[in-house]
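Structural description and commentary
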Amino acid sequence: MTPEELELISESEHEAQGQFAHRVNVCVAAGCLSCQSQSVKDALDADIKRRGWEKHCQTKGVGCMGLCAEGPLVQTDNGTIYQHVTAADAPAILDGVEGKPVTHLLCPTDIPFFQRQTKIVLENSGVIDAERIEDYIASTGYGALIRVLTEMTPGEVIQEIVKSGLRGRGGAGYPTGLKWSTVSKAAGVRKYIICNADEGDPGAFMDRSVLESDPHRVIEGMLIAAFAVGASEGFIYVRAEYPLAIKRLRTAIRQAERLGLLGASICGTRFSFHIDLRLGAGAFVCGEETALIASVEGKRGTPRPRPPYPAQEGLFGEPTLINNVETYANVPPIIRHGGDWYAQIGTEKSKGTKVFALAGRVQNTGLVEVPMGLTLREIVFEIGGGIPSGKKFKAVQTGGPSGGCLPADLLDMPVDYESLARAGSIMGSGGMIVMDESSCMVDVARYFMDFCMSESCGKCVPCRVGTYQMHRILKNLTTFEASAQDLLLLNELCDLLKNTSLCGLGQSAPNPVISTLRSFAEEYKAHVEERRCPAGVCGDHSEGQP
Amino acid sequence: MVTGNTVDFNKPTPPNQDKRWRLVDATMRRLGQQSRGLIETLHTAQEAFGYLDEDALRYVAASLRVPLSRAYGVATFYHFFTLKPAGEHTCVICMGTACYIKGAPQLLNAMERDLGISPGETTADGKVSLLTARCLGSCGLAPAVVYDRDVAGKVTPQAIRERLAEWKSHDS
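Our subject in this report is the structure included herewith. Model, not experiment: these values are computed from the prediction.

**Considering the sheet that holds strand β6 (residues 150-152) of chain B**
Residue and element names in this part refer to chain B.
- The strand order across the open sheet built from four strands is β4-β3-β5-β6, with neighbouring strands paired in mixed fashion. The sheet terminates laterally at β4 (128-133) and β6, the two strands that pair on one side only. Averaged over neighbouring strand pairs, the angle between their axes works out to 25° when direction is ignored.
- Taken together, the three bridges between strand β3 (residues 89-94) and strand β5 (residues 145-147) define a ladder with antiparallel strand orientation. From the neighbouring strand, C91 faces β5, where its bridge partner is Y147.
- With respect to the sheet, helix α6 (residues 104-115) is in contact with β3, β4 and β5, its orientation differing from that of β4 by roughly 160°.

**Remarks on a negative patch on the surface**
Residue and element names in this part refer to chain A.
- A cluster of acidic residues, E4, E5, E7, E11 and E15, forms a negative patch on the protein surface.
- Residue position: E7 is located in helix α1 (residues 3-18).
- Look at E7 and you get partly exposed, because its relative accessible area is 43%.

**As for the sheet that holds strand β13 (residues 404-407) of chain A**
Residues and elements named next belong to chain A.
- Spatially, five strands are ordered β11-β10-β14-β12-β13 in an open sheet, and the strand pairing comes out mixed. Single-partner strands in this sheet number two, and they are β11 (366-371) and β13. Each neighbouring strand pair of the sheet contributes to a mean axis angle of 30°, computed without reference to strand direction.
- Note: strand β12 (residues 393-398) against β13, four bridges, orientation antiparallel. Within the sheet, the bridge partner assigned to V396 lies in β13 and is L406.
- Contacting β12, β13 and β14 (431-436), helix α18 (residues 441-455) crosses the sheet at an angle of about 15° to β12.

**Overview of the packing of aromatic side chains**
- Under the defined criterion, the tally for this structure stands at 16 aromatic pairs over all chains.
- Taking the centre distance of 6.0 Å and the plane angle of 85° together, the rings of Y147 of chain B and W167 of chain B count as edge-to-face. Placement of Y147 of chain B in strand β5 and of W167 of chain B in helix α7 (residues 157-171) is noted, with a sequence separation of 20 residues between them. For the pair Y147 of chain B and W167 of chain B, one class covers both residues: buried.
- Every member of this aromatic cluster is reached through a ring pair, and the members are Y192, F235 and F316 of chain A.
- When the ring centre of F356 of chain A is taken as reference, the NZ or CZ atom of K354 of chain A above it lies at 5.7 Å.
- One cation-aromatic arrangement involves R36 of chain B over F316 of chain A; the distance from NZ or CZ to the ring centre is 3.7 Å.

**Side note on the nonpolar core**
- Y142, W180, I193 and F273 of chain A together with I93 of chain B are the most contacted members of the largest nonpolar core, which totals 151 residues.
- The element that contributes the greatest number of residues to this core is helix α11 (residues 215-229) of chain A, accounting for ten residues.
- Excluding residues that lie within four positions of it along the chain, W180 of chain A makes contacts with V157, I158, I161, I224, A225, A228, V229, L321, N323 and V331 of chain A.
- Grouped together as the second largest cluster of nonpolar side chains are 67 residues, C440, V442, L477 and C494 of chain A included.

**Side note on the pattern of salt bridges**
- Under the counting rule described, the total for this entry stands at 37 salt bridges over all chains.
- For R161 of chain B, the salt bridge goes to D114 of chain B, with nearest N and O atoms at 2.6 Å. Linking R161 of chain B in helix α7 with D114 of chain B in helix α6, this pair joins segments that are 47 residues apart in sequence.
- Classification of R161 of chain B as partly exposed rests on a relative accessible area of 32%.
- Members of the salt-bridge network, linked through shared partners, are D47, R50, R51 and D95 of chain A.

**Section: unusual backbone geometry**
- Following G71 of chain A, the chain continues into P72 of chain A via a peptide bond in cis, with omega recorded as -5°.
- Within the secondary structure, P72 of chain A sits in the loop between β2 (57-62) and β3 (74-76).
- One non-glycine residue, Q33 of chain B, lies in the positive phi region at around 55°.
- Among the structural elements, Q33 of chain B can be located in the loop between α1 (20-30) and α2 (38-49).
- Residues other than glycine seldom take positive phi values, yet K154 of chain B does so here, at roughly 50°.
- Relative to the assigned elements, K154 of chain B resides in the loop between β6 and α7.
- Under the relative-accessibility criterion, K154 of chain B is labelled partly exposed at 46%.

**Some points on the side chain of T90 of chain B**
Residues and elements named next belong to chain B.
- For T90, the position within the fold is in strand β3.
- On the accessibility criterion, T90 (16% relative accessible area) is buried.
- Beyond its immediate chain neighbours, meaning those up to four positions away, T90 contacts S129, L131, V146, Y147, D148 and W167.

**Examining the environment of E523 of chain A**
All names here are of chain A.
- Mapping E523 onto the fold places it in helix α23 (residues 521-530).
- E523 sits in the buried class, given a relative accessible area of 5%.
- In this structure the C-alpha to C-alpha distance between E523 and C463, which are 60 residues apart in sequence, comes to 26 Å.
- Aside from chain neighbours lying at most four places away, what touches E523 is K394, C440, M441, V442 and P534.

**As for the environment of R50 of chain A**
Residues and elements named next belong to chain A.
- With respect to the helices, strands and loops of the structure, R50 is situated in helix α3 (residues 37-51).
- Given the relative accessible area of 61%, R50 is considered exposed.
- Taking the C-alpha atoms as reference points, R50 and Y309, 259 residues apart in sequence, are found 61 Å from one another.
- In terms of polar contacts, R50 uses its side chain to reach the side chain of D47, at 2.9 Å.

**Some words on the interface of chain A and chain B**
- Listed as interface residues are 58 residues of chain A and, on the opposing side, 37 residues of chain B.
- Of the roughly 3,700 Å² buried where chain A meets chain B, counting both sides, 55% is carbon and sulfur surface.
- On the chain A side of the interface with chain B, the three residues burying the most area are A281, R300 and Y447 of chain A, jointly 15% of the side's total.
- Linking chain A with chain B are zero salt bridges.
- Joining chain A to chain B, the criterion identifies 24 residue pairs in polar contact (both at pLDDT 80 or more).
- Within the residue set of the side of chain A that touches chain B, elements represented by two or more residues are β7 (233-239), β8 (274-280), α13 (289-296), β10 (353-360), β14 and α18 of chain A.

**Some thoughts on the pairing of β14 of chain A**
Residue and element names in this part refer to chain A.
- Across the six residues that make up β14, a large majority, six, are buried.
- Because side chains alternate across β14, one face comprises the buried residues G431, I433 and M435, and the other comprises M432, V434 and D436, equally buried.
- Both β10 and β14 contribute to a ladder of four bridges, which runs parallel. Counterpart to A359 in the pairing with β14 is I433.
- As paired strands, β12 and β14 are joined by five bridges and run antiparallel to one another.

**Structural notes on the packing of helix α19 (residues 461-478) of chain A against α23 of chain A**
Residue and element names in this part refer to chain A.
- Interaxial distance between α19 and α23 falls to 9 Å at its minimum, and their mutual angle equals 70°. Taken together, the axes of α19 and α23 are roughly perpendicular relative to one another. Together, L474, L477 and T478 of α19 and Y524, H527 and V528 of α23 make up the contact between the two elements.
- Per-class residue counts for the contact of α19 with α23 are four nonpolar, two polar and no charged.

Conventions used here
- Residues numbered from 1 in each chain as written.
- Chains lettered and ligands numbered in written order.
- Predicted model: local features only at pLDDT ≥ 70, side-chain atom pairs only at ≥ 80, totals over all residues.
- Heavy atoms only, no water.
- Pairing = 2+ DSSP bridges.
- Helix = DSSP H or I, 4+ residues; strand = E, 2+ residues; numbered from the N terminus.
- Axes fitted to C-alpha atoms, helices over the stretch in contact; angles between N-to-C directions.
- Contact = heavy atoms within 4.5 Å.
- Patch = residues over 30% accessible without salt bridge, like charges linked within 9 Å, V, L, I, M, F, W, Y side chains within 5 Å.
- Areas by Shrake-Rupley, 256 points an atom, 1.4 Å probe, with all protein chains shown as cover.
- Salt bridge = Lys/Arg side-chain N within 4 Å of Asp/Glu carboxyl O.
- Lys, Arg positive; Asp, Glu negative; His and termini not counted.
- Charge placed at Lys NZ, Arg CZ, Asp CG, Glu CD.
- Buried < 20%, exposed > 50% of the residue type's maximum accessible area, 1.4 Å probe, protein only.
- Phe/Tyr/Trp six-rings, centres within 6.5 Å; stacked < 30°, edge-to-face > 60°.
- Lys NZ or Arg CZ within 6 Å of the ring centre and 35° of its normal.
- Core = buried A, V, L, I, M, F, W, Y, C linked by side-chain atoms within 4.5 Å.
- Polar contact = N/O pair within 3.5 Å; in protein donor to acceptor, adjacent residues only side chain to side chain.
- Buried area = accessible area lost by both parts, 1.4 Å probe.
- Parallel < 35°, antiparallel > 145°, perpendicular 65-115°, else oblique.
- Nonpolar A, V, L, I, M, F, W, Y, C, P; charged D, E, K, R; others polar.

Structure representation (structure tokens):
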């Protein structure tokens with residue numbers, strides 16, 4: 001594959017698509033698929049045939065358009081988006097491509113949800129067909145890889161990533177350029193690249209959406225990373241619970257191999273890179289990098305003390321680069337437009353954009369990509385459209401079980417790594433769950449502790465026993481059986497787990513408790529002193545909840 | 001197993017004549033018959049047989065030359081693996097955060113009461129298995145439930161009961 005050949009594929013794809021006067025895009029990512037979007041696409045195809053429009057109008061199965069709660073979503077080439085489409089609507093939609101749009105299905109696109117987003121990672125989501133490499137190439141795909149292979153040295157690639165200020169999107173926010181340069185300098189016979197696609201946080205589905213909507217972008221990012229650090233083998237560790245993402249990744253890898261973009265001597269250079277999938281088997285702790293490595297090696301996913309860091313001694317004892325799906329997905333655009341371009345977006349210390357999965361008690365649930373530094377209020381109330389059915393906002397939870405609940409008085413805080421950490425939460429992988437007054441924060445803390453307790457791998461005592469103890473106290477709180485003494489013990493345990501657990505799971509498990517104790521102390525107090533739940537959630541009827 | 005004219009005593013033979021063992025063998029071969037392929041092999045075995053029984057664990061452990069304790073340890077460490085056969089139908093209730101605050105506990109309560117079983121169990125007649133998931137990633141459709149392999153969104157206790165009734169009437 002030479003730059004010219006890539007250009008040729010791109011041109012012929014543009015030509016092929018240009019032959020159609022109209023195009024109708026149907027979202028076939030998991031959210032819309034479970035609302036029967038495939039039958040919508042089939043109905044559109046059948047109706048095109050009936051009209052004899054085969055050479056006139058094309059349907060395309062595309063990735064996530066973002067507004068998952070209103071699916072199935074269909075977009076026509078004049079930019080109109082239709083929501084809640086059923087197969088029966090197909091004829092009306094096809095009438096609409098040349099005439100008036102179907103008013104009762106219209107999804108307003110002039111709302112902040114669409115207007116205020118900045119799409120870098122999701123630029124192709126909802127636009128290209130994830131199962132055709134040609135469509136990705138036609139949207140400048142693999143151009144960054146070719147440029148890296150033909151014009152740049154590994155050092156220059158790393159320099160560009162350092163300049164961009166990109167930080168790990170998996171949660172901790174470690175500078176990506178620094179990680180790459182550590183691995184590239186590490187001595188080892190072989191080096192490995194791992195893509196962490198074991199999206200474990202409940203309430204987060206960004207990575208799944210990227211893999212389902214634009215798998216080639218992740219592969220291209222991994223290829224560039226492999227070239228930069230000198231690795232020849234890579235693994236994508238993906239959740240077995242995401243069958244569609246697995247299927248599309250397998251297809252994408254096969255297609256890239258066929259075109260010589262993956263495999264031995266890529267594009268005629270001495271650079272070789274192979275990617276294999278490894279299926280996760282449902283263990284939250286495998287999001288921790290040393291546990292993930294153990295799992296790729298076929299063992300129980302238990303973490304080990306660091307150092308040595310995986311960058312020095314990782315998979316099979318060799319230097320290993322681990323980044324998250326979204327991190328890799330940011331790499332091709334950075335190479336394409338330059339690190340300086342990327343560094344202009346976002347805040348001083350948090351560059352670029354972040355994809356958030358907005359869910360819970362919020363009007364517009366779905367996937368959004370915004371520049372770092374937007375305030376929580378802008379995300380929840382402008383883009384998210386606020387709280388439905390006239391209820392009052394109570395908290396927004398970021399970072400999953402390792403994060404915290406942020407109350408209303410922090411709504412004007414900018415969303416970046418440092419601000420969130422100062423507020424007692426974390427950026428996390430990007431789950432953002434909005435809660436209204438019908439949620440009890442003590443119950444939410446118990447919910448997360450229940451999660452951490454069952455996900456604790458059991459290797460270190462503070463986490464194994466501490467999460468159990470904390471869960472017991474929280475459970476007693478929700479049944480009004482806890483005393484003031486228990487609250488003190490709960491505080492003490494927060495400290496203990498934070499400071500003595502082996503890995504991130506245990507160290508961050510108290511975060512939901514700490515943040516709710518800090519911002520919603522009066523709710524805890526009501527549970528202990530007045531034996532009542534202000535939100536009306538806890539009490540006898542909560543029996544039997546896990 | 002016969003390789004050429006010699007018998008390879010190191011290679012265990014499958015527990016029975018079932019053709020599905022060939023799938024398991026193929027995965028082990030693809031990964032170089034090495035212990036690092038343990039999880040992938042268990043995935044294949046579970047996909048082929050629906051669950052992992054003792055025969056499967058013994059065979060995989062012997063083939064990859066790992067102690068049975070390690071195969072058992074891995075199979076029980078990860079939630080995705082199950083050592084018990086599932087019922088004819090499965091109903092998975094998502095307990096992710098978004099689903100939780102939008103009413104998943106009520107769904108679970110209703111099911112536990114109706115079926116008389118806890119999550120992870122199967123009804124006595126082998127009809128329905130009730131399971132919970134950490135998060136399906138269908139948060140936009142919360143609360144979500146997977147009926148057999150189909151994801152349904154914005155589920156109510158009423159809807160879930162209707163589906164169960166449908167399963168019962170179809171099969172009787």
